[in-house]
Structure formats: C-alpha cells, structure tokens
Amino acid sequence: MLTSLKLAQTGGQCELTREQIALRRAALFETIIDSMTEHVLVVDRTGAVIFGNKSQRKHLDGAPAPRTREEWEEAYAIHTADGSRKLEFSEWPLNRALRGDFIESIELRARFPGQSDNFFLLSSRPLIDETTGQIEGAIFVSRDITAMRRTEEELRHSQKLETIGQLTGGIAHDFNNVLAAVLNSSEVLARAVVGDEKLERAAATIEKAALRGAELTRHLLAFARHQTLSPKPIDLASFLTDALMLIRPAIGAMIEIDVEVQHGLHAFADPVQLTTALLNLCVNARDAMSGVGELTIRICETEGLVEICVADTGCGMSPEVRERAVEPFFTTKEVGKGSGLGLSMVYGFAQQSGGNLRIESKPGAGARITLALPKAAAPAPVAISAAPPTLPVSPMRVLIVDDDAMVREALKLHLSSAGFQTTTAADGPEAIALIEAGLEFDLLFTDMVMPRGMTGLALAEKLRERRPEIRVIVSTGYVEDDLPEAGPNWLLLRKPYSSNELFGAIRRLILTGS
Ligand SMILES: Nc1ncnc2c1ncn2[C@@H]1O[C@H](COP(=O)(O)OP(=O)(O)OP(=O)(O)O)[C@@H](O)[C@H]1O
Ligand SMILES: [Mg+2]
C-alpha cells in the first residue's frame, strides 16, 4: 500500500484511481491513529462521538460513549490536577474547544463515583470546516498518566515518611537522654523528701511525667526504626494463642474474634514488639467498631513473607486518613483518646524488621491491615507438630502477693481492669496456704521484701518445686538488691514501673519464658 501511495504522490506509473488513493490513504491514517497509545476522540457540536481510536474505545471498555454534552457532564467529574477544584462545565476542554480555544497538554483529574481518580494529559482543538470556517466539533488527544502519577505519589509518600522518621528519630534520641536525667534525679529526690507529703507528691508527679515521656519516645524510636530489636524465629500459631490472652481482655467481650491460622509458619522478628504491634492493630479495630463487631486475625504465607492480617467491620478510613494513618501523631480520635503513635510504631517495626505494612480500607466498609514479616525457616520438626491453639482463650490468672494493702489493691484493680483474673495474698505464708488449698493460677506477681520470714524470691522458689511451669514476676524497689534480672520463667521488675513496663514484663514472660 505504501509503495502505491508513494508512486501516486510522485506522479509515477500507477493504475490507481484518485478514489482508490483516497481510500487507501484513509485506511493508512486509521491504522496509524489506532496504533497510538493516546486516546483520540472527535465529537460534533452536540457532543456526539464522530470518531474514537482503538485506545479510546478500549478505555470505554465496551460502554457506550456519552451522546450529548449533557451526558458528558453527567458521566464525568473533571478536577484540576491537584484535585483541589472541580471544573465548571463551561471550563471543560469540550466546551472550550467548541468555543474555538486551542489547549496544549493540560493535566486533569477525572473522578468517577466509587473509583479512584484517573489522571489525563490532554490537548484539544476545534474541528473547523475548511470551506465555511465554522466550528463543527472538537478533537481531543489525551494520555492516561494515572499509573505514573500513582508511582510518584507513593514515592513522595515514602520520602515524606522517611524525612519524618529521621526527624523524630533524632529528637527521640536526644529527648531520651534528657528523660534519663530527669528520671534518675527524680528518684534521688523522692528518697530525699520522704515524710514531706507535698514534696513527695511533687517528686512522684515528676517521675510519672518523665515515664510518660519515655513511653512516647519509645514509640517515636519505633517509628524511626531506631529501636533495639531482638529478632528470633516465632512459631506464629502458638504466638497467636499467647497473644490472644492479652488481646481478648483489651478489646472487650462484645467483639467476636475469628482466627484463621496456617500452621507451621514462622516469622523472624522481635516477639515482644510483635505482640505490641498486634495489640495496637486490635485496639484500633476495637475503636473503629466502637466496641461491637467482628475482628478477624489471619496468618498466612506469601512470597517469602508471612502475613498477619487484622480485619475489622468498623467505620473504615477515608483515602485521606488511610494515606496519613502511619504518620506519628496523626489521629482522628478526640483529644486525650489517642496519641496517633499506634500505627506509626507498627509501620516502623515492620520496616525495621525487613517487612512492610499494608492498609486497605474504605469508609463504612471496615479496614484490613496487613503486617508482613520475613519468614524464618521452621526450627525443628518437633516444634512444627506443636498442638494447634485452643480457642477461645480464657483470661490469664494472676496471684498478687504484697504486704502493702494499697499496692495490692491498686495492682488488683489495674490487672483486673485489663481483663486478668486476680487473687491476692498479703505475704508468702498466706500465698502458700492458698496454693495448698488448690488455687489455680498462671502467673505469680510478688513483692520482694515481705514480713513473716519469706521473701518473694523464696516464695517463688517454693512454688517452683511444685509447679515449675508457673511464670513469676518479682518486683523490688531496692536498687541495691544484688539480684539477677531474669531466669527461666521469671523476671525482676524494678519499682516504680509504668503500666507499659508492667504489661511489657507480662508479655515477655508469656512469649519467651524470661
Ligand atoms: N482499624 C481501623 N479502622 C479505621 N480507622 C483506623 C483503624 N486503624 C487506624 N485508624 C485510623 O488511623 C489513625 C491513626 O491510628 P494510630 O493507631 O496511629 O493512632 P490512634 O489509634 O489514633 O492513637 P494511639 O494508637 O496512639 O492511641 C486513627 O486515629 C484512625 O483514624
Ligand atoms: Mg491506635
């Protein structure tokens, strides 16, 4: 075809009629236009489509094109590229071209109900009748640049998080040193002012505030990927069984928990931080469901990673909230309800562990947060054949032993409000009597120095002879105590401890036995 057209144009020998040449030329142009990745569209004055190339037809995916200008207006919502303003219909390239305007490469954002935005780079011009000079319609050439914009957006988002990470990491490190100094001095101060009620209260306030500050900086360090992690292979099925003991009381009785676990999967991560991360996700789910609904925890395997997926039937997130959810201090909760550090901790933990975090959510349609972590090879076949978790899990039972009635009651209140079952005893012999009378429990939480000739450690030792599987926390306020920090199934908790440290110690014991 090309040769015959060329010959005809140069006046060479050719038997084609003018009509045939015109037809072949039209066919050639159509082939060219159909091979373009740009959409080419021509409409008449009323907005009816006269011509659409292959890309344009593919874009419509078999749906009929709008036939009138009104139908165009109904089918599309055109916004400026940054999405900040919806264009008036009179400003649309369609109407501008019909008024005689030429537009060169303008970027626009098309919005369709229930779908994510599409980006277009578009040029348009009027279609002018050569003989009359009248505008007959309009021609549009546009390119779909949605994929490119999405990649750019993702890159910008991760760069933004990286920058915030560096900033928060820097601040948190320096702040931690400041807090360490405040905490150490407040302890000295507290000892020096014993007996002066007013000053004792002031010292206690300083300490409480500094501990709260330390908790915040811990989360910031987690987000900035600067926390100290001790990764090890975790058998996820049995990990979840243990973690559920903490999750159940944290989310309340009105939320149903559904668990789907692929057995034999091992993650390589820090078990304590993983528990905190999972707990954060479950607490978020609880809040999103206002305490009532269904929570699904799914553990499965994907390419080289293991995924822990927490889905809820809650309020879901708008695209804006979803985009900002992992930023530190971003919260939609009212003042005092959330610090906005939960997801940023989970995000930082995932990244630092060599995994990632994925958030899928739509307003009103719940949320599904997936924490992916590196896979660890299953250690020994014996471990794989571990019994599947028995669900649902009953709350953990704690025996609290402390001679100070106030401490005992405060601890009882604290633990039982977190969903633990508690029993108390005033000293070692009373605890032994309870055990001999058949008391069942999983964790002994005992003070170190107590009257009636039995220390917390001695009590633990005695208990260990009969029930070696019982976990023990010994708390002590004596800094000079020359005691080991931990051993199999037990650990030492130094007073004063924050609520986080208390639950952190319990988590460590449940997960690692030390
Ligand atoms: N499962 C979810 N469903 C709906 N929205 C969620 C969910 N998880 C998180 N979000 C949104 O992301 C925001 C940030 O969550 P994040 O856990 O970081 O902070 P927070 O829960 O507000 O406060 P904090 O966890 O520090 O107490 C929440 O305020 C909420 O708007
Ligand atoms: Mg949270």
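Shown above is the structure to which this text applies.
Residues numbered from 1 in each chain as written. Chains lettered and ligands numbered in written order. Predicted model: local features only at pLDDT ≥ 70, side-chain atom pairs only at ≥ 80, totals over all residues. Heavy atoms only, no water.

Student: Help me understand the packing of aromatic side chains in this model?
Tutor: What describes a pair of aromatic rings is the distance from one ring centre to the other and the angle between the planes of the rings. Summed over all chains, the structure comprises three aromatic pairs. A ring pair is formed by Trp-72 and Tyr-76, whose centres lie 5.7 Å apart and whose planes are at 25°; its orientation type is stacked. With relative accessibility at 9%, the residue Trp-72 sits in the buried group. A residue is classified by how much of its surface remains accessible, and Tyr-76, at 16% relative accessible area, is buried. (Phe/Tyr/Trp six-rings, centres within 6.5 Å; stacked < 30°, edge-to-face > 60°. Buried < 20%, exposed > 50% of the residue type's maximum accessible area, 1.4 Å probe, protein only.)

Student: I keep staring at the site of ligand 1 and nothing clicks. Help me out?
Tutor: In the vicinity of ligand 1, 19 residues are found, and the nearest of them are Asn-284, Thr-331, Thr-332, Lys-333 and Ser-339. Here Gly-340 contributes a backbone N or O atom positioned 2.9 Å from an oxygen atom of ligand 1. A distance of 3.3 Å separates an oxygen atom of ligand 1 from a polar atom in the backbone of Gly-342. About the coverage of ligand 1: the protein hides 90% of its 590 Å² of free accessible area. If you list the elements that add at least two residues to the shell around ligand 1, you get helix H9 (271-288) and helix H11 (342-352). (Near = heavy atom within 4 Å. Polar contact = N/O pair within 3.5 Å; in protein donor to acceptor, adjacent residues only side chain to side chain. Areas by Shrake-Rupley, 256 points an atom, 1.4 Å probe, with all protein chains shown as cover. Helix = DSSP H or I, 4+ residues; strand = E, 2+ residues; numbered from the N terminus.)

Student: Teacher, can you tell me more about the environment of Ala-288 here?
Tutor: Looking at the secondary structure, you find Ala-288 in helix H9. Considered as a pair, Ala-288 and Thr-313 are 25 residues apart in the sequence and their alpha carbons are 8.0 Å apart. Discounting residues that sit within four places of it in the chain, Ala-288 has contacts with Asp-312, Gly-314 and Cys-315. (Contact = heavy atoms within 4.5 Å.)

Student: Got a minute to help me understand the pairing of strand S16 (residues 443-447) in this structure?
Tutor: Every regular strand shows the same layout, with side chains that alternate between the two sheet faces. A large share of S16 lies buried, amounting to five of its five residues. Neither face of S16 is exposed, since Leu-443, Phe-445 and Asp-447 on one face and Leu-444 and Thr-446 on the opposite face are all buried. Summarising the sheet, strand S14 (residues 397-401) and S16 pair through four bridges and their orientation is parallel. Bridged to Val-398 within S16 is Leu-443. Pairing of S16 with strand S17 (residues 471-476) involves five bridges; the strand directions are parallel. Its bridge partner being in S17, Leu-443 is matched across the sheet by Arg-471. Of the crossover connections in this fold, the one passing from S16 over helix H15 (residues 456-466) to the parallel S17 is right-handed. (Pairing = 2+ DSSP bridges. Right-handed = clockwise from strand over helix to strand, strands pointing away.)

Student: I keep staring at the sheet that holds strand S10 (residues 293-302) and nothing clicks. Help me out?
Tutor: Pairing between the strands of a sheet is mediated by backbone hydrogen bonds and can be parallel or antiparallel. Reading across from one edge, S8-S10-S11-S13-S12 is the order of the five strands in this open sheet, with mixed pairing throughout. Of all strands in the sheet, those bounded by a partner on one side alone are strand S8 (255-261) and strand S12 (356-361). Going across the sheet, the axis of each strand differs from the next one's by a mean of 15°, ignoring polarity. Bridging between S8 and S10 involves seven bridges; their strand directions are parallel. From the neighbouring strand, Ile-255 faces S10, where its bridge partner is Gly-293. On the sheet, helix H8 (residues 236-251) packs against S8, S10 and strand S11 (305-312) and is oriented at approximately 175° with respect to S8. Those strands touched by H11 are S12 and strand S13 (367-374), and its axis lies near 135° from that of S12. (Axes fitted to C-alpha atoms, helices over the stretch in contact; angles between N-to-C directions.)

Student: Please clarify how the pattern of salt bridges should be interpreted in this entry.
Tutor: When the charged atoms of two side chains with opposite charge come close together, those side chains can pair. One pass over the structure, following the stated rule, counts 27 salt bridges. The shortest N-O distance in the salt bridge between Arg-149 and Glu-107 comes to 2.6 Å. With Arg-149 in helix H6 (residues 146-192) and Glu-107 in strand S4 (residues 103-111), this pair connects stretches of sequence that are 42 residues apart. Take Arg-149: its relative accessible area is 19%, and that puts it in the buried class. Residue Asp-287 is joined to Lys-333 by a salt bridge in which the shortest nitrogen-to-oxygen separation is 2.9 Å. Of this pair, Asp-287 sits in helix H9 while Lys-333 sits in the loop between helix H10 (319-324) and H11, and the two are 46 residues apart along the sequence. The network of salt bridges with shared partners includes Glu-307, Arg-358, Glu-360 and Arg-368. (Salt bridge = Lys/Arg side-chain N within 4 Å of Asp/Glu carboxyl O.)

So, to be careful, I would describe these as geometric facts and stop short of saying anything about function.
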